Amino acid sequence: MSQMPAGRVTPEMRTSAFYASFFTGSGAAVMFLPIWLSGKGITPEQIGLINAVPIAMILLFNLVIGRVADRAKDWRQVIVIGALIGGIVPIGLFFVNEFWGILLFWTLVCLPGGAVGPVLDAAAMRLARRNGSDFGVMRAWGTVGYMVFNGLTGYLVVWFGADIFVPLFVGLAILRALVALQLPAFRAPAEEKTVKAATSAPAARLRDIAKPWFLLPLFGFCMVFGTHFILNAFASLLWKEQGISEDVIGPLIALGAASEAAMMFLWKRFGGGISARVVILISAIASALRWFAMGFEPGIGFLVALQLTHGITFALGYMGCVHFIANWTSEDIAAETQSLYVVGQQLLSIIAVVGFGWLVKDMGAGAYFVAAALALLGGLCVWLSLRLMPAQGK
């Protein structure tokens, strides 16, 4: 990371602070939402729908919001508005107790954060490249926030009972909204953009880059991402059914997040010199092996080892995709292209989560074998892209 002037709060530090708050609610929800829903009599199929319907709604808005953000004076405006809306809507969770009400409000809760997430990633990546700083370090603080509340939520539930979940989640949403207000401007000054346009030639229109060799690796990792969304939606419930208690489930999930954060903090040292698509391919193969092992319902010791691979199966592929997009596109379509990629994530996540909800009913943890096959198909897409156009360092 570039040298930061002493005594000054830099744009990177402000962005890192927002990332740290951005995923705290998700960290709490991944740990306890499936168990909370199950305690209210929600079936596994309904849990799948509660996780999938918000993704479908985000899908309808992502490209539009990405396009609006690219045309706004600065990406910051869209991010702050989304965070403020996301701080108010979760209050409705206090007033719902049955499937349809929970489905409605959980969808509204997920929509603002899910829609602005790609804009935040695109904005932070462009800020990092312009200033010579490290996007991985900024994004890693998001995983740190997620990890802290993976572990802490389990203990809070044991200490205070299941009723603590909604107040905790609402408080974290309000915290995120407040931290958003201190975000910096992200775009390059007008004179800097003019100089850059004359000296570099990444694609400035989406249709110029929408070629099979470009889309295949992104679609491939979308399949891998979808299998990780299965982990978010069902892992805690499956582990509880195996007899693992909440105060162990929380740290287990947090361990995966710690591995993810470590990979992001160390990205420049280990990932910066490898082609982005090769990185994505490694992630897909490692994911297939991880899910195959999960299908055998391993004990806690083996689960610890599998959770430690999360930095390879998820973080490595995620960082590869963000860098791959930034390598080949300009600021003019940064948020829109990132949003298009997230649309693919959402489509595959809907299919994976809804399908997994049905499979869990009949197969239990054996449904992870299907996830392993999906991850392998994702790796095949990346391999085909490399055959169509060699990596050339990108």
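Everything numeric here is computed off the predicted structure, so don't read it as measured data.

Overview of the overall build of the chain
Check the secondary structure of the chain and you find 17 helices and zero strands. For 394 residues, the compact-globule formula gives about 21 Å, and the C-alpha radius of gyration of the chain, at 20 Å, lands near that figure. For the C-alpha atoms alone, the extent of the chain along its principal axes is close to 60 × 45 × 40 Å. When the 394 residues of the chain are sorted by exposure, 58% land in the buried category. In the chain, of all internal contacts separated by at least 6 residues, the share reaching a separation of at least 24 is 88%. Summed over its atoms, the accessible surface of the chain is roughly 15,800 Å², and 70% of this surface lies on carbon and sulfur atoms. One finds the centroid of the 26 positive side-chain charges in the chain at a distance of 10 Å from the centroid of its 20 negative side-chain charges.

Quick word on the environment of E45
Take E45: it is sitting in helix 3 (residues 44–71). In this structure the C-alpha to C-alpha distance between E45 and V354, which are 309 residues apart in sequence, comes to 7.2 Å. Discounting residues that sit within four places of it in the chain, E45 has contacts with G357, W358 and K361.

Concerning unusual backbone geometry
Of note in this structure, E297 is not a glycine but carries a positive phi near 50 degrees. Here E297 lies in the loop between helix 13 (276–294) and helix 14 (300–307). E297 sits in the partly exposed class, given a relative accessible area of 45%.

What about a nonpolar patch on the surface?
Taken together, the side chains of V148, L152, Y155, V158, W159 and F160 define a hydrophobic patch exposed on the protein surface, amounting to about 610 Å² of accessible area. Inspection of the secondary structure assignment puts L152 in helix 6 (residues 135–160). Classification of L152 by relative accessible area gives partly exposed; the value is 32%.

Details of the environment of L175
Tracing the chain through its elements places L175 in helix 7 (residues 165–180). You can call L175 partly exposed: its relative accessible area is 40%. Along the primary structure L175 and F18 are separated by 157 residues, whereas in three dimensions their C-alpha atoms are 9.6 Å apart.

Description of the packing of helix 1 (residues 11–22) against helix 5 (residues 99–131)
The interhelical angle for the contact between helix 1 and helix 5, taken along N-to-C directions, is 155 degrees, at an axis separation of 11 Å. By the criterion of interaxial angle, the relationship of helix 1 to helix 5 is roughly antiparallel. Helix 5 is crossed by helix 1, and the crossing has left-handed handedness. Counted together, P11, E12, T15, F18, Y19 and F22 of helix 1 and G113, V116, G117, L120, D121, A124, L127 and N131 of helix 5 form the full contact between these two elements. Here the contact of helix 1 with helix 5 is composed, by residue class, of eight nonpolar, four polar and two charged.

Looking at the confidence of the model for the chain
Close inspection of predicted coordinates is inappropriate in any region flagged by low pLDDT. Per-residue pLDDT for the chain averages 84, and the proportion of residues at 70 or more is 90%. Low pLDDT, under 50, characterises residues 1–6; the stretch is placed with 12 contacts to residues that sit more than four places away or in other chains. In the model, residues 193–201 has pLDDT below 50 throughout and makes three contacts with residues more than four positions away in sequence or in other chains.

Remarks on the pattern of salt bridges
Applying the stated criterion to the full structure yields one salt bridge. Residue R139 is joined to E260 by a salt bridge in which the shortest nitrogen-to-oxygen separation is 3.9 Å. A residue pair is termed long-range when its members are at least 10 positions apart, and R139 in helix 6 and E260 in helix 11 (residues 246–265) qualify at 121 residues.

A few points about helix 7
An ideal rise of 1.5 Å per residue puts 22 Å on 16 residues; helix 7 measures up with 23 Å between its terminal C-alpha atoms. Of the positions making up helix 7, those classed as buried are F165, V166, L168, F169, V170, L172, A173, R176, A177, V179 and A180. On its buried face, helix 7 sits against helix 1, helix 2 (24–39), helix 4 (75–88), helix 5 and helix 6.

Here we look at the packing of aromatic side chains
A full pass over the atoms with the stated rule returns 19 aromatic pairs. On the basis of an interplanar angle of 80 degrees and a centroid distance of 5.8 Å, the ring pair of W213 and F214 is categorised as edge-to-face. You can call W213 buried: its relative accessible area is 13%. Judged by its relative accessible area of 2%, F214 is buried. Judged by centre distance (6.3 Å) and plane angle (85 degrees), the ring pair of W213 and F324 falls under edge-to-face. One end of the pair, W213, is in helix 10 (residues 212–241); the other, F324, is in helix 15 (residues 310–328), with 111 residues separating them in the sequence. One exposure class covers both W213 and F324, and it is buried. Taken together, F32, W36, W106, F165 and F169 form an aromatic cluster joined through their ring pairs.

Focus: the nonpolar core
Of all hydrophobic cores here, the largest spans 117 residues; its most connected members are F18, F135, F221, W239 and Y368. Here F18 is in contact with I79, A83, L120, R176, V179, A180, Q182 and L183, once residues within four sequence places are set aside. Within the second largest apolar cluster, five residues are counted, among which are A28, F149, L156 and L172.

A word on the state of the cysteines
Going through the model one piece at a time under the given rule, you end up with zero disulfides. Free of any disulfide, C110 has its nearest neighbouring cysteine sulfur in C222, separated by 18 Å. Since its relative accessible area comes to 24%, C110 is described here as partly exposed. There is no disulfide at C321, and the cysteine sulfur nearest it, in C222, is 7.0 Å away. For C321, a relative accessible area of 0% puts it in the buried group.

Calculation criteria
Residues numbered from 1 in each chain as written. Predicted model: local features only at pLDDT ≥ 70, side-chain atom pairs only at ≥ 80, totals over all residues. Heavy atoms only, no water. Helix = DSSP H or I, 4+ residues; strand = E, 2+ residues; numbered from the N terminus. Rg over C-alpha atoms; globule rule 2.2 N^0.38 Å. Buried < 20%, exposed > 50% of the residue type's maximum accessible area, 1.4 Å probe, protein only. Contact = heavy atoms within 4.5 Å. Areas by Shrake-Rupley, 256 points an atom, 1.4 Å probe, with all protein chains shown as cover. Lys, Arg positive; Asp, Glu negative; His and termini not counted. Charge placed at Lys NZ, Arg CZ, Asp CG, Glu CD. Patch = residues over 30% accessible without salt bridge, like charges linked within 9 Å, V, L, I, M, F, W, Y side chains within 5 Å. Salt bridge = Lys/Arg side-chain N within 4 Å of Asp/Glu carboxyl O. Axes fitted to C-alpha atoms, helices over the stretch in contact; angles between N-to-C directions. Parallel < 35°, antiparallel > 145°, perpendicular 65-115°, else oblique. Left-handed = near helix turned anticlockwise from the far one by under 90°. Nonpolar A, V, L, I, M, F, W, Y, C, P; charged D, E, K, R; others polar. pLDDT = per-residue confidence, 0-100. Expected span 1.5 Å × (residues − 1). Phe/Tyr/Trp six-rings, centres within 6.5 Å; stacked < 30°, edge-to-face > 60°. Core = buried A, V, L, I, M, F, W, Y, C linked by side-chain atoms within 4.5 Å. Disulfide = S-S within 2.5 Å.

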